[in-house]
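Single-letter residue listing:
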Amino acid sequence: MELASFVGRALFVSVFLLSAWQEFNGFGDDGGRAAKSLRPKYNAFVSHVTTHTGQQLPPVDMKILIASAIALKGIGGLLFVFGSSLGAYLLLLHQAVATPILYDFYNYDVEKKEFSQLFSKFTQSLALLGALLFFIGMKNSRRHGRQLRKKAPKAKAN
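Residues numbered from 1 in each chain as written. Predicted model: local features only at pLDDT ≥ 70, side-chain atom pairs only at ≥ 80, totals over all residues. Heavy atoms only, no water.

### Some thoughts on the packing of helix α1 (residues 2-25) against helix α3 (residues 62-81)
Point 1. Running from amino to carboxyl end, α1 crosses α3 at an angle of 160°, the nearest separation of the two axes being 8 Å. One element, α1, and the other, α3, form an angle in the roughly antiparallel class. The handedness of the crossing between α1 and α3 is left-handed. Judged by residue contacts, Phe-6, Arg-9, Ala-10, Phe-12, Val-13, Phe-16, Leu-17, Ser-19, Ala-20, Glu-23 and Phe-24 of α1 engage Ile-66, Ala-69, Ile-70, Lys-73, Gly-74, Gly-77, Leu-78, Phe-80 and Val-81 from α3.
Point 2. Tallied by class, the residues present in the contact of α1 with α3 amount to 14 nonpolar, three polar and three charged. (Axes fitted to C-alpha atoms, helices over the stretch in contact; angles between N-to-C directions. Helix = DSSP H or I, 4+ residues; strand = E, 2+ residues; numbered from the N terminus. Parallel < 35°, antiparallel > 145°, perpendicular 65-115°, else oblique. Left-handed = near helix turned anticlockwise from the far one by under 90°. Contact = heavy atoms within 4.5 Å. Nonpolar A, V, L, I, M, F, W, Y, C, P; charged D, E, K, R; others polar.)

### Description of the pattern of salt bridges
Point 1. Scanning all chains against the criterion turns up three salt bridges.
Point 2. Of the charged contacts, one joins Glu-23 and Lys-73 as a salt bridge, the two residues approaching to 3.0 Å between their closest N and O atoms. Residue Glu-23 is located in helix α1, and its partner Lys-73 is located in helix α3; the two are separated by 50 residues in the primary sequence. Note on accessibility: Glu-23 and Lys-73 belong to one class, buried. (Salt bridge = Lys/Arg side-chain N within 4 Å of Asp/Glu carboxyl O. Buried < 20%, exposed > 50% of the residue type's maximum accessible area, 1.4 Å probe, protein only.)

### Topic: the UniProt feature "signal peptide" (unreviewed entry) in the protein chain
Point 1. The positions that UniProt labels "signal peptide" (unreviewed entry) are, in the present scheme, residues 1-26.
Point 2. As annotated, residues 1-26 comprises 92% helix and 0% strand, and the C-alpha atoms at either end are separated by 38 Å. (UniProt positions renumbered as here; feature names shortened; annotations may be inferred.)

### A closer look at the packing of aromatic side chains
For any pair of aromatic rings, the description rests on two quantities: the centre-to-centre distance and the angle between the ring planes.
Point 1. The tally for this structure, following the rule as stated, stands at ten aromatic pairs.
Point 2. Summarising the aromatic geometry, the rings of Phe-12 and Phe-80 are spaced 5.4 Å apart at their centres and angled 45° between planes, so their arrangement reads as tilted. Residue Phe-12 is found in helix α1, and its partner Phe-80 is found in helix α3; the two are separated by 68 residues along the sequence.
Point 3. With a relative accessible area of 18%, Phe-12 lands in the buried category.
Point 4. Ring geometry for Phe-105 against Phe-115: centres 5.8 Å apart, planes inclined by 80°, an arrangement best described as edge-to-face. (Phe/Tyr/Trp six-rings, centres within 6.5 Å; stacked < 30°, edge-to-face > 60°.)

Structure (structure tokens):
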């Protein structure tokens, strides 16, 4: 059962690790292709947030944002493979920040091709978020289950 769990975590995290590796290889002096493609999406996200909430988001250097994403996916992925809750939390943080920015289906009309493509990727990203939450919940429930069993008094034989 432990082997199956390890293989499942390794397959799950391969999405994050391969993405981090690809972004790392293309990083360069300016954050690479990832930073160039993220800039317009981030600007649209900031505009959307400002329009709907009236709150202004602080300016962000795309190179730092991409480097942070690489670190979250890389470190979080490696920790997650070995069953660490911290790894799951790091991946969860990455997904929570990246999902609404990268998959901005809300900026497109429903009839447009981009809407359905982005919405599909958005829901897939939500599924990854759900799987991470499930993992964290299972780790916590197992930990609490062990504590409850240890506290139960043993029956005395007369």
